[in-house]
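Coordinate inspection notes
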Amino acid sequence: MDAVSEQRFAVYGGTNNHGFDARVLDLAGESIGQKISFNHIRFRNWPDGEPGFFLHGRDEIPGRDVFIFSCPIDAEQREDLHDMISACKKQFGARSVTVVMTFLSFRRQDRAEKSHEITRLRWFLYNLKFWGADNLILCEPHSEENTVKFCADCGLQLFLIDPTQAFAESIRKIVCGFGRENCLVYSPDLGSVLRTSRLAKALGIGMVATKKDRTSGDTIKAGVKTDGDFERQVRERLCDPSIVFSCHIGGVPRMNIFVREDEIETGGTSVETAWMAKGAGAKSVHFLVTHPVCTPGWIDKLIPHDKPRPFDGILFGNCRPRGDGRSSYRESTGGEVQTVDLAP
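Reading guide: rules and limits
Here, residues in each chain are numbered from 1, in the same order as that chain's written sequence. Reporting in this predicted model follows two pLDDT cut-offs: at least 70 for local features of residues, and 80 or more for side-chain atom pairs to be given and counted; totals over whole chains, interfaces and linings ignore these cut-offs and use all residues. In computing side-chain properties, one takes all heavy atoms of the structure into account and sets aside hydrogens as well as water. Paired strands, as defined in this entry, are two strands with at least two bridges between them according to DSSP. Every helix listed is a DSSP run of H or I at least four residues long, and every strand listed is a run of E at least two residues long, numbered separately from the N terminus. When a carboxyl oxygen of Asp or Glu is within 4 Å of a side-chain nitrogen of Lys or Arg, the pair counts as a salt bridge. Classification of residues uses two cut-offs on accessible area relative to the type maximum, computed with a 1.4 Å probe and protein chains only: under 20% is buried, over 50% is exposed, and between them is partly exposed. Two rings from Phe, Tyr or Trp (for Trp, the six-membered ring) form a pair when their centres sit within 6.5 Å of each other. Planes less than 30 degrees apart are called stacked, planes more than 60 degrees apart edge-to-face, and all others tilted. Whether a charge sits over a ring depends on NZ of Lys or CZ of Arg being within 6 Å of the ring centre and within 35 degrees of the ring normal. One less than the number of residues in a helix, times 1.5 Å, gives the span that helix is expected to have. Working rule for contacts: check all heavy atoms of both residues, and any pair within 4.5 Å makes them a contact. Distance and chemistry together define a polar contact, namely a pair of N or O atoms within 3.5 Å, with one atom able to donate a hydrogen and the other to accept it when in protein, and with adjacent residues in sequence counting only for side-chain atoms on both sides.

Across the sheet, which stays open at both edges, the seven strands sit in the order S12-S9-S8-S13-S14-S15-S16 with parallel pairing between neighbours. The open sheet is flanked by strand S12 (245–246) and strand S16 (338–340), the only strands paired with a single partner. Taken together, the four bridges between strand S8 (residues 183–187) and strand S13 (residues 256–264) define a ladder with parallel strand orientation. Bridge pairing in S13 places Leu184 opposite Ile257.

So this is what it looks like as C-alpha cells:
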C-alpha cells in the first residue's frame, strides 16, 4: 500500500463495533502524532426499509485515501459496507479505499474440491475488489491460506493482523508461574497449527496438535487418532521448524494446556477438547480465542453453573462483538471470561 499522506485521508466507521474501532483510530493517531476522527455517517432508512444513509464530508473524498472500518456479521452490515465502498470509490472519487475488517464472517465453504458448496469466501473477497476496495486489513481469518490466495487472485492487497503477541502477553505471567517446562499450547486441528505454533514460539514452550473430523453438519469429533502423514502436515505448517511438538494427546499428563483457536461458535467442540485433555491427565486447560462468534448457549457450555467446568481460564479477543452484537451485556459473564484488548 502506498504511503498515506496525513493530509489526504478520510475515515469512516461502521456501527457494529465502533468502540473498538475508535480505540484503534486513537492509537493510529498517536503513532503519527495527530488526532484522527471518524467522519460521520448519518444512518436512516426509507419507510419501506430501503437504506438511505449518507456520508458526511463526502466533498472531501475526491483524490483522498479512504479508510472504512467494518465488522460485518450479518447481511445488513455487509450491504452497508458495499454501499460505502462503492460510493467512496466510484461515486465520490477516492484515490484508494482500504477496508479495515476486524472479523471476516465468510470463513467456511472455501474449498474448491467441495463442488456442492458455493465458495462464498472467494466471492466475498472478489466482490470487495469489484465494489472498489484496493486494500484489506484483516485480523486473523479462519483460513489464512485461502484468504491470501483469493485476494491475490483478484488483485486485492491484503494485510494480515496477527494477535499472537497480545495473547502471549496476557498469559505470560501465568505461564511463568506454572514454569514453561510445564506448559503446552494445543492445536485441536490442522488449521490451527500455524497460529498455535506462533503462540508457542512467543512463549518459548512446546505444542501438541491433534486431528478433528467433521462427522455431520456442525458435529465435530476432536482428538482423532493421528498418523505419520498428519505429523508431516503439522511440521509443514509450523511457523518455525525448531518448535518442539507432539501429535499425541496422551503426552500431556500434569501439563498446563493452552488451547488456541481463532473463533468460538457453539462451544461444543472446545468443551470436548478440554475434557479430552483433562482425561489424558492435563493439570489445567485454558482457552484463548480471537473471535467470539458465540452462538446461543455458549455460556452454559463453557461456564456451566451446576457442574464441573471444562476450562480453568478463558480469554476472548475484542475485535468483534460477542454473539450477534445486539446486547453486549447479555453476552457478558461477570468477569469469568477475560477480555484481551487487540486494538494495539
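Text resumes after the structure shown.
A few words on the pattern of salt bridges. Opposite charge on two side chains permits them to pair, given that their charged atoms come into close proximity. Per the counting criterion, the structure on display carries 16 salt bridges. Ionic pairing is found between Arg23 and Asp341, a salt bridge with its closest N-O pair at 2.5 Å. Note that Arg23 is positioned in helix H1 (residues 18–32) and Asp341 in the segment after S16, a separation of 318 residues in sequence. Here Asp341 falls in the partly exposed class, since its relative accessible area comes to 27%. One salt bridge in this structure joins Arg195 and Asp262, with 3.6 Å as the shortest N-O distance.

A separate point is the packing of aromatic side chains. Inspection of every chain in the model, using the stated rule, returns eight aromatic pairs. Ring centres 6.2 Å apart and planes at 85° place the aromatic pair Phe9 and Phe67 in the edge-to-face group. Residue Phe9 is found in strand S1 (residues 9–13), and its partner Phe67 is found in strand S4 (residues 65–70); the two are separated by 58 residues along the sequence. Taken individually, Phe9 and Phe67 each receive the classification buried, so the pair is uniform in this respect. Taken together through their ring pairs, the aromatic side chains of Phe106, Phe124 and Trp131 make up a single cluster. A cation over an aromatic ring shows up here: Arg260 above the ring of Phe167, its NZ or CZ 4.6 Å from the ring centre. The lysine or arginine in question, Arg320, covers the ring of Phe103, its NZ or CZ lying 4.7 Å from the ring centre.

Now for helix H2 (residues 75–91). When the terminal C-alpha atoms of H2 are compared, their 23 Å separation across 17 residues agrees well with the 24 Å that a helix rising 1.5 Å per residue should span. Along H2, the residues that are buried comprise Gln77, Asp80, Leu81, Met84, Ile85, Ser86, Ala87 and Cys88. On its buried face, H2 is in contact with S1, strand S2 (41–42), strand S3 (54–55), S4, strand S5 (96–101) and helix H3 (120–131). Looking at where H2 begins, the residue whose side-chain oxygen comes 3.2 Å from the main-chain nitrogen of Glu76 is Asp74.

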